[in-house]
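# Chains, contacts and geometry: an overview
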Amino acid sequence: MLPENPESLDDINLVNHGENSRFRSKVWMDFRPVYVSGRIQGADCLHCHKRLSADNGRSHLNRHTQTCLARGETSINRQKGGLSPSSVPNLKSRVTDELSPALTNGKVQIAEYASRLLKGNSYGEEIHQNQNILALPAENMSPAEKNNSSAHTAHVKTRKFDQEASYQELTRLIVMHSYPLSIVEHEEMRRFAESLNPVFNMASSLDMEEYSTLLFHKQKADLKEKIALSSQRVSLSASVWAPNAAVPTIKYLCLTAHFIDANWKLQRRIIKFGVFWSSPCDLERMIHYKEACVLESESGAYNVIWEAIRDWNLDRKLFGLTAVSEIRKGESISKLKDMLTQRNCLPIRGELYNIACVDDVLNSIVAKGQPMLYHVGDMLERFIHVRASSALTRQQLLEVVNHVGLKCPHEDAKWWHKIYFRLEVILHFKKVFPSEEVLSAEEMKIVEPICKILRVLYRVIEVISGSVCPTANMYFHEVWKVRTILQEESSAEHTDVASMVGEMKEAFNDYWQNSYLWLSVPVVLDPRFKTTFIEFRLKRAFGTDAPKYVNYVAEITRELFHEYCAPMDQSNGQTSNCQAGDVEIDGFDSDSLEDWDQHLTTQIRNQLLSELDNYLEDGLVPRKDDFDILNWWMSHSAKYPTLSIMAQDVLAMPSSAVHCQAAVSSEGPVIDKQWSTLNIKTIEALVCTRDWIR
């Protein structure tokens, strides 16, 4: 007898009715049992779908099969595709495979599902795409679990198989995890998909390429609209990517847009991925993808960036550009700046354009101390070699590593990152085991100051290139930390260390001289600091020359604000002209009111300009750890309507063009090997879409 609540498929054999008296009658080939409280109370005709009682015998079911008109229509199909015993598949195993999702949250009413399966196979038909599974909550479930299970069951019961939706989910899977498009053609992948749903028609790699492109264009259209409706201007950052290969024959330029959306959330989105340089010797790529090589002497960066500006309609919305040294030092960027300036596309004559990538600069500063750092690296290797020679000392070393609180660098980490990590381990080892001889006193004079410098540099890169986008007002403080540590360690006891720090300071000062302006303007728009803080800091940085630098920051800030006021002046001027035209139509001389229009325009402009003065004269906001500058400007946008729009664009400026993981990697940003063999349009679709849907 069939159990009321079958625990598993082993409790019932639905194929061999002889083993189960409940289903011995052939009538169940035409009916589906209906359970109430675990007992059969009814039967649904598989042909006309009429429900009959089934608790008092089966004779009336037999009579129905003889008179059912719908059954007569399907009898022809039965004759054509009769199910002989030898052709019966192992339905028990198939039911087990296909019911596994439903078995997760409760017990399954197996008879209902299997009868549908039998229906399809009995008449030589495919399994219906809309396969419903009824899952009953287990007896030992809590009320909350039963409610969740019931909700899940209702969802599964009403859900229909959608081939198109499955393709979309498969596309997202491949894009999100950088899988090769050819994964859909792997035999193991096809078998896996078939085991989940036999009716799923697996796509080809060309299908996946097409679906990826379609998803890219859909997401791109949505992002274009979002950018158009949110920030008045957009800042760009440009980095160079390379294939994950020993000797890359092509380099890509990745262009990212930074903006603050309508909800005052800082956004970072890749908008362009194009060829920056390609080897003229890569004949195969030119043949396969018909892509012309881009030589270093040509304007690869110019073409990619300008194409993106036009494609995304940013020619009148561009605020600034931050780029790695490989891009910004080229003539093409200067050429692009000149062209954009001539077209009045850049604010304040492009003063905030072509900003150096901060982590790129910090890496170049560290490179100034390369000889000394390599010497330190040799010292550290000798120490580790000694400690790893015995099981006891090796265990001590591993205990210290676990308590350092730093992530162990990957094999592809930058050389100085590995040195810094080992320095932290050794200094921590000295604290944990003070009696152990770690390094000599002379060596400690070298190790300690170098570790302090690298610690600051590493943490600054973590902040400015982190996964959480920082606002531009934070960059000044982070860069100042680098200046402070170099200033402190320039008087180190060890002469070689002092000499190394001197070279680092010189490199930093060159960067500071060219970057203090764009670092300072966002701080002016931080209500906790404003110009008072800039005066305080620049006096320390420039000494007696500080007033001219402070005045220049104030001048640029005011000029930028005037440009943001200009559109309002123009709109007011257009309104005045319209009014004057109306007066002239009525027969009055419009010239007699021209001075009045000018007076109104001047008055409105003075009111706008006083907005900046009012902000600067208002008191400073107290510093708090949880202060949210974007939330502050959003809540004060009514008080400072023009200044808040300007702050929205200024605070979105990036200081880095790469993410933290790539910033500390010796290889920099890399594109997955399985994608690098595709044509550039497909690569762009995959890279951009992956960034957008994360």
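The structure displayed is predicted, hence computed values, not measured ones. (Residues numbered from 1 in each chain as written. Predicted model: local features only at pLDDT ≥ 70, side-chain atom pairs only at ≥ 80, totals over all residues. Heavy atoms only, no water.)

### Remarks on the overall build of the protein chain
Quick note on the threshold: Secondary structure follows DSSP: runs of H or I at least 4 residues long count as helices, runs of E at least 2 residues long count as strands, and numbering of each begins at the N terminus. Whether two residues touch is decided by their heavy atoms; if any such pair falls within 4.5 Å, the residues are in contact. Here the Shrake-Rupley method, with its probe set to 1.4 Å, supplies the accessible areas, and only the displayed protein chains count as covering residues.
Looking only at helices and strands, the protein chain features 27 helices and 11 strands. Residue pairs at least 24 apart in sequence account for 69% of intrachain contacts in the protein chain once pairs closer than 6 positions are excluded. For the protein chain, the exposed area adds up to about 35,800 Å²; of that, 50% sits on carbon and sulfur atoms.

### Quick word on the packing of aromatic side chains
How we decide: Ring pairs are drawn from Phe, Tyr and Trp, using the six-membered ring of Trp, whenever the two centres fall within 6.5 Å, and their geometry is named by plane angle: stacked under 30 degrees, edge-to-face over 60, tilted for the rest. Burial here depends on accessible area, computed with a 1.4 Å probe over protein chains only, as a share of the maximum for the residue type. Under 20% is buried, over 50% is exposed, and the range in between is partly exposed.
Within the structure shown, the criterion is met by 28 aromatic pairs. Ring geometry for Trp632 and Tyr640: centres 6.4 Å apart, planes at 20°, overall stacked. Residue class for Trp632 comes out buried when judged on its relative accessible area of 13%. Following the ring pairs from residue to residue traces out a cluster consisting of Phe476, Trp480, Phe508, Tyr511, Trp512, Tyr516, Phe529, Phe533, Phe542 and Tyr549.

### Some details on the pattern of salt bridges
This is how the line gets drawn: Salt bridges, as used here, are contacts in which a Lys or Arg side-chain nitrogen is within 4 Å of a carboxyl oxygen on Asp or Glu.
Taken as a whole, this structure holds 16 salt bridges when the rule is applied. Among the salt bridges present, the one from Asp311 reaches Lys220, with a minimum N-O distance of 2.5 Å. Remark: Lys220 occurs in helix H8 (residues 205–229) and Asp311 occurs in helix H10 (residues 300–311); sequence separation between them is 91 residues. Exposure remark for Asp311: the relative accessible area of 30% places this residue in the partly exposed category. One salt bridge connects Arg349 with Glu351, and the closest N-O pair in it is separated by 3.9 Å. With relative accessibility at 31%, the residue Glu351 sits in the partly exposed group. What emerges from the salt-bridge pattern is a single network uniting Lys220, Lys224 and Asp311.

### Some words on the side chain of His417
Relative to the helices and strands, His417 resides in helix H16 (residues 415–432). In contact with His417, not counting residues within four places along its chain, are Pro409, Tyr458 and Val664.

### Thoughts on unusual backbone geometry
Of note, Trp264 is a non-glycine position whose phi angle comes to about 60°, a positive value. With respect to the element layout, Trp264 can be found in the loop between strand E7 (250–260) and strand E8 (266–278). In this model, Lys530 sits at a positive phi of 55°, which is unusual for a non-glycine residue.

### Re the nonpolar core
Going by this rule: To define a nonpolar core, start from buried Ala, Val, Leu, Ile, Met, Phe, Trp, Tyr and Cys residues and group those joined through side-chain atoms within 4.5 Å.
Grouped together as the largest cluster of nonpolar side chains are 104 residues, with contacts concentrated most on Leu454, Trp512 and Trp633. For this core, the element with the highest residue contribution is helix H19 (residues 495–524), accounting for 15 residues. When near neighbours in sequence (up to four residues on either side) are disregarded, Trp633 contacts Trp264, Leu525, Pro527, Tyr615, Tyr640, Leu643, Ser644, Ala647 and Leu651. Core analysis: the second largest hydrophobic core is formed by 71 residues, Ile227, Leu255, Phe276 and Ile680 among them.

### Regarding the confidence of the model for the protein chain
Note the threshold: Per residue, pLDDT measures the predictor's confidence, with a range of 0 to 100.
Averaged over the protein chain, the pLDDT score is 78; the fraction of residues at 70 or greater is 74%. The secondary structure element of the protein chain with the lowest average pLDDT is helix H3 (residues 91–99), at 38, and the one with the highest is helix H23 (residues 629–635), at 97. In this model residues 76–139 is a low-confidence stretch, pLDDT under 50, and it forms 119 contacts with partners more than four residues away in sequence or in other chains.

### Describing H8
The line we're drawing: One fewer than the residue count of a helix, multiplied by 1.5 Å, yields its expected span.
With 25 residues, H8 ought to run about 36 Å at 1.5 Å a step, and its terminal C-alpha atoms sit 36 Å apart, in line with that. Within the span of H8, buried status applies to Ser205, Met208, Tyr211, Ser212, Leu215, Phe216, Gln219, Lys220, Leu223 and Ile227.

### Quick notes on the pairing of strand E6 (residues 234–243)
The condition is simple: Whether two strands pair depends on DSSP finding at least two bridges between them.
E6 sits mainly inside the fold: 10 of its 10 residues count as buried. Alternating positions in E6 separate into two faces, Val234, Leu236, Ala238, Val240 and Ala242 on one and Ser235, Ser237, Ser239, Trp241 and Pro243 on the other, with burial throughout. Across five bridges, the pairing between E6 and strand E9 (residues 318–323) is parallel. The residue bridging Ser235 from the neighbouring strand is Gly320, located in E9. As paired strands, E6 and strand E11 (residues 670–671) are joined by two bridges and run parallel to one another. The residue bridging Ala242 from the neighbouring strand is Val670, located in E11.

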